[in-house]
Amino acid sequence: MFRTARFAFTMARRSITRRKFRSALTILGIIIGISAVVSLMTLGIGMRSQVESTLNEMLGAGIIINSGTYGIDIPEHVQSYISQVPGVNKSIPIVMSMVYISNKPYTVVGIDPVQASEVYQVTLEDGRGLRQGDDDAVVLDSTIASNLGVKVNDTVTFSTQAGGVGKTFKVIGIIRPMAGFGQFVSIGCFITLDAAQDFFNTHDRVSSILIRLDDPNQGEQVEAILKQMFPDASILSQEEIMSNINQVMSTIDGVLLGLASISLMVGALGIMNTIMMSVHERRREIGMLKAVGGERWHVLIIFLSEALLISLIGGVFGCIFGLGGVYLIQWFVKTLGLNIIVPLLISPQILALGLIAALAVGSIAGFYPSWKAANVRPVEALRYE
Amino acid sequence: MSNVVELRDVVKTYDLGDNIKVDALRGINLTIKRGEFVSIMGPSGCGKTTLLNIIGGLDSPTDGQVIIDGIDITHMSEGELARIRREKIGFIFQTFNLVPLLTALENVQIPMIFAGRFSNSEIKERAIELLRLVGLEHRLHHRPTQMSGGEQQRVAIARALANEPSIILADEPTGNVDRETGWKIIRLIKGLNETLGQTCIMVTHDPTIAQISERIIYMLDGQIIPEPPKLTINPSSSMLADERRQMLLAELKWLEASIKGLEVRKNRLNQESYAQVKLGYEKQLERLKKVVQEEYEKRRSK
């Protein structure tokens with residue numbers, strides 16, 4: 001068995017190298033399919049990890065109590081009740097809403113400067129961070145700053161609607177942008193909680209309360225208690241948000257994979273065609289192999305290994321080109337000027353999956369022609385002319 | 001157990017569909033002794049190759065019984081027949097049928113790889129030894145395309161001997177090589193038959209090559225005919241007129257079929273052997289005409 005397989009692979013190798021052009025075209029078919037699978041899956045995983053880290057930075061908390069999108073109507077003192085719930089480590093009230101700066105919308109977060117570092121991990125690039133009493137100061141991320149063309153010590157004007165009259169803030173610090181989905185959704189604009197409440201005219205009220213847990217695994221229990229305490233509030237745990245996002249991502253993954261598998265199927269047809277031709281050309285050889293005592297499975301293995309070898313080569317190059325394809329997509333996104341950073345995660349699982357997919361396609365596509373070869377009647381194959 | 005091949009009333013009918021049936025073999029009874037060298041002769045389409053395929057377990061008879069080396073293979077399954085082929089039979093073909101992708105050494109190894117009887121190192125050693133036996137020790141790593149027809153056929157002979165078969169079946173082994181090479185190959189097969197004691201059954205069109213065998217079996221229209229209608233009939237013998245006429249008719253039919261077969265094969269033969277065989281047939285025909293003429297005159301004078 002092993003000996004036959006080794007012999008079959010010797011023959012497959014020579015058969016492929018003898019018909020170089022035909023083999024190359026067939027292998028190319030598989031390369032296209034596998035590289036599509038690998039690049040789209042790498043992209044999918046990259047996007048997923050991007051979304052996850054963004055959410056971590058944006059939410060910064062295990063549980064978030066919301067007053068609805070951009071509404072600011074949770075009484076601030078609620079926070080003191082929440083702090084007493086067992087399992088809650090810290091509860092931080094914030095105001096998160098939308099402001100217009102130079103007629104463009106941005107998400108602004110008002111937060112107690114002392115507590116900010118508990119939920120948001122930021123890195124300063126220039127200037128300094130917010131301090132207690134910095135009520136006319138703003139910290140921007142570098143993307144927004146460069147969009148607005150401002151530097152430290154410059155001023156920006158906030159208004160609640162486009163073209164409205166607003167309040168002027170002084171830029172005191174510039175931070176590195178946090179992960180996000182473009183400038184409209186990411187958070188890159190911080191003022192103090194007092195300044196925000198003052199600006200939006202919502203004294204003693206906040207838009208959300210971020211809750212940090214003692215133990216991240218206690219999320220469900222704490223959430224249940226909070227839901228009992230505030231039946232009307234919108235309480236989201238990070239896990240819930242994640243699972244919602246994951247569902248969306250899985251749908252996207254499925255669509256991408258579906259597209260990739262179409263090209264893989266075309267590659268499979270190529271293999272089937274090549275092996276069919278090989279079987280047709282080598283009919284006499286099959287007859288001889290049977291005459292010297294070869295059984296069906298001997299012949300089957302010989303032709304199947306040709307299909308497997310083609311798909312293996314296609315799989316290896318497909319993985320390499322697939323990763324190259326991810327770089328290409330990154331470059332493409334960058335030249336389009338989109339502020340989306342797609343991280344490139346080379347995952348060994350995806351590469352293994354690419355190879356397994358290639359071999360599966362090869363064996364499935366190669367089986368029918370190999371089976372035909374295995375069932376060639378030697379007497380007919382050997383009859384000359 | 002001295003009979004290595006025993007065929008009893010073997011019939012082979014090919015069903016070509018649309019109710020068209022071709023009787024390739026019509027009741028063959030044949031026994032071949034161990035170590036015998038037998039030639040099968042007959043015009044094209046007389047069933048020689050079908051007979052060889054049935055002896056070799058490549059084809060099953062429609063009716064009758066086939067016993068090879070004491071084993072009844074008549075009703076064997078495909079897999080069992082494959083085992084019989086690898087263990088008992090060595091095939092040599094007119095067109096050599098080597099795998100073009102493989103070297104001489106690798107081609108000889110194929111039957112041993114399938115059989116799984118020898119270890120890897122034994123297989124290689126044995127293949128080298130067999131190629132030495134056929135005088136090709138300097139061609140071990142050559143591909144078929146790098147070898148002459150004669151050399152290719154010698155590789156095929158080495159391959160046929162790989163699993164030490166009881167029977168060597170050769171279907172026109174000299175059909176694709178020139179006459180001189182053909183003789184070398186025949187002498188090689190004959191020599192191996194004598195030294196290794198394997199039974200050889202050879203199909204050939206060439207009457208001179210057939211002479212090397214101990215026994216010649218003549219076939220016509222799917223049957224074995226007792227004696228070739230040879231021109232040894234003495235017109236003046238005391239044969240009955242009727243009997244003589246039948247003999248002459250059979251002889252004429254044989255010659256006609258042979259000549260037809262020769263014309264069919266014309267392109268596959270080289271000019272020299274074609275001319276030689278054709279000349280032989282023409283001489284036979286001439287003599288046959290003479291015999292008929294004499295017969296005719298004898299009757300008229302009566």
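Residues numbered from 1 in each chain as written. Chains lettered and ligands numbered in written order. Predicted model: local features only at pLDDT ≥ 70, side-chain atom pairs only at ≥ 80, totals over all residues. Heavy atoms only, no water.

## Side note on the domain arrangement of chain A
Partitioning chain A into structural domains gives domain 1 (2-54 + 244-382) and domain 2 (68-232). Centre-to-centre, using C-alpha coordinates, domain 1 of chain A lies 50 Å away from domain 2 of chain A. (Domains from an automatic or database assignment.)

## Brief notes about the sheet that holds strand β7 (residues 167-171) of chain B
The strands that make up a sheet are held in pairs by hydrogen bonds between backbone atoms, and each pair lies either parallel or antiparallel. All names here are of chain B. One open sheet holds the six strands; their spatial order is β6-β7-β8-β3-β9-β10, and the pairing between them is mixed. Single-partner strands in this sheet number two, and they are β6 (89-92) and β10 (223-225). Averaged over all pairs of adjacent strands, the angle between strand axes in this sheet comes to 25 degrees, irrespective of strand direction. Of the pairings in the sheet, the one linking strand β3 (residues 37-41) to strand β9 (residues 215-220) comprises four bridges and is parallel in character. Note on β9: the bridge partner recorded for isoleucine 40 is isoleucine 217. Strands in contact with helix α2 (residues 78-88) are β6 and β7; relative to β6, the strand with the most contacts, it is inclined by about 80 degrees. Sheet strands in contact with helix α6 (residues 179-196) are β3, β6 and β8 (199-203), and its direction is about 155 degrees off that of β8. (Pairing = 2+ DSSP bridges. Helix = DSSP H or I, 4+ residues; strand = E, 2+ residues; numbered from the N terminus. Axes fitted to C-alpha atoms, helices over the stretch in contact; angles between N-to-C directions. Contact = heavy atoms within 4.5 Å.)

## A short note on the pairing of β7 of chain B
Residues and elements named next belong to chain B. Counting buried residues along β7, five of its five residues qualify, which places the element largely inside the surrounding structure. Across the two faces of β7 the burial is the same, with Ile167, Leu169 and Asp171 and Ile168 and Ala170 all buried. Sheet analysis places β7 next to β8, joined by five bridges and oriented parallel. The residue of β8 that forms the bridge with leucine 169 is isoleucine 201. Handedness of the crossover joining β7 and β8 through α6: right-handed. (Buried < 20%, exposed > 50% of the residue type's maximum accessible area, 1.4 Å probe, protein only. Right-handed = clockwise from strand over helix to strand, strands pointing away.)

## Regarding the confidence of the model for chain A
Averaged over all residues, the pLDDT of chain A equals 84, while 91% of them reach at least 70. pLDDT under 50 marks residues 180-184 of chain A. Its contacts with residues more than four places away, or in other chains, come to ten contacts. (pLDDT = per-residue confidence, 0-100.)

## Observations concerning the side chain of arginine 126 of chain B
All names here are of chain B. Within the fold, arginine 126 resides in helix α4 (residues 120-133). Look at arginine 126 and you get buried, because its relative accessible area is 13%. Among the polar contacts made by the side chain of arginine 126, one reaches the main-chain carbonyl oxygen of alanine 162 at a distance of 2.8 Å. Residues contacting arginine 126, with those up to four places away along its chain left out, are Met112, Phe118, Leu161, Ala162, Asn163 and Glu164. (Polar contact = N/O pair within 3.5 Å; in protein donor to acceptor, adjacent residues only side chain to side chain.)

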